[in-house]
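Spelled out, the chains give:
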Amino acid sequence: MEFACPQTKRIAELANEVGLELRAIIPAQKLPADVMTRLDQWLLEGRAAEMDYIGAARSVMGDVRDWKRWTRSIALFALPYHRAGGEFRGGGRVARYALGRDYHNLLGKRLERLGKRLRRENMVQNFRGCTDAAPVLEREWAILGNVGWRGKNTLVLDPAYGPWVLLGELLMDLELPTFTAPPPTDADSKQKRWASCGSCTACLDVCPTGALTSAYEIDARLCISYLTIEHRGSIPVELRAKMGDWVFGCDLCSEVCPFGHHADDHAEDWGTKDAISAFRLEDLLALTADEFATAFAGSPIRRAGLGGLQRNACVALGNLKRGGPELEDAARSHTDPIVREHASWALAE
Ligand code: B12
Ligand code: SF4
Ligand code: SF4
């Protein structure tokens, strides 16, 4: 790869050493006004559901310098995670990003290591790694940096991996010229693989709950990913049958995306959580808090909490028409009233 700037070249080298591929560097700047207007509208319409942390961080989201005022440049990363789908023993699907190690740890640690190396070489004094859990609109930065383009499923589509990338950023107090890694070229045609959704609507068509209310727009209140991971409490009854056998997250609008169909397999990078293939959904209903913590240590699945996972397992069992005796036990004597109620619903199904 050609680098006009020696400092950018060094950042790319150090990134490689910690297991990251530098995709772009952009100067700290304000996000376009129309992006922020859309975010405000989204929040106003209640589409963020109970994710209050998004609204709470709104005041610093338009410009990272309102959060970390020393930021001069943002280095952008996109870690591929494509792999075959996975499920609990006998059925009960888990989103692919959650089948192995937690990217918040894996990507977060690599960004931290990169920042420390840059500091050791006196290139930066201040840095901050971000992935997911930071007041940063990650997809907007990735789009500004030409890491990928906006898909109708709202995800950033990477030229090589389609939607199957997880985003991370390193904020730095170092001024640098804009840099974008050249997109991969197709081996046969040598054409740059850069595109847009065009007339495709596969993700909108496949979404079982209608969460993609129109192209590029999502209503989190309807999204299975939100309902199974972020939502606490009872799942709206009218959505339960539509959730099928998704127990943690949902990949449907990623799976159908043609831009991801040729992505290579990255299962080895992420490993596989044994507990997923070891437990049946029925087994999850009897898990204790200690067993849950041990079995899912280092897994994104812990985010749902034991009660949340058991609630989701009830819905999936109801939809799979399985687990009668275990559901009866749970409906009668589970300590969590939410799990009891979802078990009763599943039995009625
Ligand atoms: C909250 C959140 C969710 C919520 C809401 C999803 C969403 N699309 O916003 C829920 C829980 C539903 C969710 C689900 C998932 N998530 Co999520 N999520 C986030 C998080 C933390 C914040 C996103 C956010 O701020 N949304 C705000 C709303 C307003 O965004 P929006 O609806 O897309 O609206 C924007 C557009 O309208 C845009 N816009 C700008 N210009 C234009 C122009 C036009 C024409 C239009 C129409 C729109 C538009 O402006 C708005 C404001 O930015 C980010 C991490 C981060 N810090 O950024 C990860 C993130 C987006 N999630 C990610 C992933 C992997 C997922 C799942 C695939 C996980 C799974 N398998 O279950 C699903 C996918 C569901 C989907 N189709 O989005 C990845 C996506 C990577 C990628 N390739 O893009 C991220 C970036 C995390 C990461 N670090 O990698 N997620
Ligand atoms: S993750 Fe599933 S429920 Fe959410 S928008 Fe995509 S297809 Fe719909
Ligand atoms: S499935 Fe089709 S419409 Fe949806 S993001 Fe992929 S290319 Fe775009």
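Residues numbered from 1 in each chain as written. Chains lettered and ligands numbered in written order. Predicted model: local features only at pLDDT ≥ 70, side-chain atom pairs only at ≥ 80, totals over all residues. Heavy atoms only, no water.

Student: Before we go on, may I ask you to explain the domain arrangement of the chain in this structure?
Tutor: For an interface, size is often stated in terms of accessible area lost upon the parts coming together. Segmentation of the chain into domains returns domain 1 (6-83 + 97-180) and domain 2 (273-349). On a C-alpha basis, the centres of domain 1 and domain 2 stand 34 Å from each other. Opposite the seven residues of domain 1 that make contact, domain 2 presents seven residues. Carbon and sulfur atoms make up 58% of the area that domain 1 and domain 2 hide from each other, which totals about 510 Å². The largest contributions to the domain 1 side of the interface with domain 2 come from Ala98, Leu99 and Asp102, which together make up 65% of the buried area. Across the contact surface, domain 1 and domain 2 share zero salt bridges. (Domains from an automatic or database assignment. Contact = heavy atoms within 4.5 Å. Buried area = accessible area lost by both parts, 1.4 Å probe. Salt bridge = Lys/Arg side-chain N within 4 Å of Asp/Glu carboxyl O.)

Student: I tried to follow the sheet that holds strand β12 (residues 246-248) on my own but got confused; where do I start?
Tutor: Backbone-to-backbone hydrogen bonds pair the strands of a sheet. The strands run either parallel or antiparallel. Strand order in the open sheet made by the three strands is β3-β4-β12, with mixed pairing throughout. In the strand order of this sheet, the two ends are held by β3 (86-87) and β12, each with one partner. Pairing analysis gives two bridges linking strand β4 (residues 93-94) to β12, with the strands arranged parallel. Residue pairing in the sheet places Arg93 in a bridge with Trp246 of β12. (Pairing = 2+ DSSP bridges. Helix = DSSP H or I, 4+ residues; strand = E, 2+ residues; numbered from the N terminus.)

Student: What is the right way to read the packing of helix α16 (residues 324-333) against helix α17 (residues 337-348) from this model?
Tutor: What describes two packed helices is the angle between their axes and the distance between those same axes. Closest axis-to-axis distance for the α16/α17 pair is 7 Å, and the angle between their directions is 140 degrees. Considering their axes alone, α16 and α17 lie oblique with respect to each other. The crossing of α16 and α17 is left-handed. Between α16 and α17, the residues in contact are Gly324, Leu327, Glu328, Ala330, Ala331 and Arg332 and Arg340, Ala343, Ser344, Ala346 and Leu347, respectively. In terms of residue class, the contact of α16 with α17 is made up of six nonpolar, two polar and three charged. (Axes fitted to C-alpha atoms, helices over the stretch in contact; angles between N-to-C directions. Parallel < 35°, antiparallel > 145°, perpendicular 65-115°, else oblique. Left-handed = near helix turned anticlockwise from the far one by under 90°. Nonpolar A, V, L, I, M, F, W, Y, C, P; charged D, E, K, R; others polar.)

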